Amino acid sequence: MVKKFHFDDEDDIQDDYQPSSYLEDLEIKKENQTLTSIDEEEYDEEDLPMKKKKKKFVMKWWHYLLILFGALIVAFGIYILILSFNNGPVYGDRCKGMQTISKDQRDSTVSTMEEKYDEIESMTLSTECRQLKLDIVFKAGMDTEDAEKIAEETVQTLDGMVGLEKADDEKYSGLFGTIDGVTQYEVNVFMTSTDSEDFPIYGTKNVQSDDFSYTLASVKDEETAKQAQETLTDEE
């Protein structure tokens, strides 16, 4: 008969070992999940990484500069739009009913006069609302009376280029008078020449008259010459 050995330690191990039940394991897991949830709620946002933090938009000085620049562009666009409905910033309705003098007509007049008279170094014709401006630069030592005749002939030549009808006894057409009750162009002349005490010469022709009036640099009444020069400067 075989003898069975028995050790004293086996009784101690069997007394201490008590296997845990399945329900106890579930309870432990449940407690761990509850603790984890509480820890996450108490986790401060400042402890999050920098990438997860929400950045707040802050206005910089150049943001205000861009806004101001955009507002100026819009304001300028509105200003230009308003001017387009008013025929310009200064004249408004003053130019309404004016006969058009085209650039081609002015250029043809200048070419005709420069080819005809060698005394002319340069000539320009321009219009500003009710003003026809004639600027002539003559060669040195130009005769005063010849200069005045050339200026008046230039205006007559332009009148012919525009081609409006005029009566036989009239010197100018309605271009320098009245058309449909609307007064047209008055003429301002500025002539220069070196080596001549009469130059510069200022000339004007009003709508009501066919005659030109001139103010010479050599006139004794310097106040009149000064007023004539200021008048031309203001009209520019």
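As the structure is a computational prediction, the values presented were derived from the model and not from experiment.

Colleague: Which residues make up a negative patch on the surface, and what are the values?
Modeller: Together, Asp 118, Glu 119, Asp 143, Glu 145 and Asp 146 line one region of the surface with negative charge. Note that Glu 119 resides in the loop between helix H4 (103-116) and strand E1 (120-128). The class of Glu 119 is partly exposed, set by a relative accessible area of 33%.

Colleague: Account for helix H5 (residues 144-162), naming residues and giving values.
Modeller: Taking 1.5 Å per residue, 19 residues should reach 27 Å; H5 reaches 28 Å between its end C-alpha atoms and fits that length. In this structure, the buried side of H5 is in contact with H4, E1, strand E2 (131-138), strand E5 (186-192), strand E6 (201-205) and strand E7 (213-216). The backbone nitrogen of Glu 145 lies 3.1 Å from a side-chain oxygen of the residue at the head of H5, namely Asp 143. Of the residues flanking the end of H5, it is Gly 163, one or two places downstream, whose phi is positive at about 85 degrees.

Colleague: So what's going on with the state of the cysteines? Residues and values would help.
Modeller: One pass over the full model with this rule turns up one disulfide. One disulfide in the model links Cys 95 with Cys 129; its S-S distance is 2.1 Å. Between Cys 95 and Cys 129 the disulfide shows an S-S torsion of about -130 degrees. By sign, it is left-handed. Here the residue Cys 95 occupies a position in the loop between helix H3 (61-84) and H4, and Cys 129 occupies one in the loop between E1 and E2, the gap between them amounting to 34 residues. Look at Cys 95 and you get partly exposed, because its relative accessible area is 23%. A relative accessible area of 13% places Cys 129 in the buried class.

So, how was this worked out
Residues numbered from 1 in each chain as written. Predicted model: local features only at pLDDT ≥ 70, side-chain atom pairs only at ≥ 80, totals over all residues. Heavy atoms only, no water. Patch = residues over 30% accessible without salt bridge, like charges linked within 9 Å, V, L, I, M, F, W, Y side chains within 5 Å. Areas by Shrake-Rupley, 256 points an atom, 1.4 Å probe, with all protein chains shown as cover. Salt bridge = Lys/Arg side-chain N within 4 Å of Asp/Glu carboxyl O. Lys, Arg positive; Asp, Glu negative; His and termini not counted. Charge placed at Lys NZ, Arg CZ, Asp CG, Glu CD. Helix = DSSP H or I, 4+ residues; strand = E, 2+ residues; numbered from the N terminus. Buried < 20%, exposed > 50% of the residue type's maximum accessible area, 1.4 Å probe, protein only. Expected span 1.5 Å × (residues − 1). Contact = heavy atoms within 4.5 Å. Polar contact = N/O pair within 3.5 Å; in protein donor to acceptor, adjacent residues only side chain to side chain. Disulfide = S-S within 2.5 Å.

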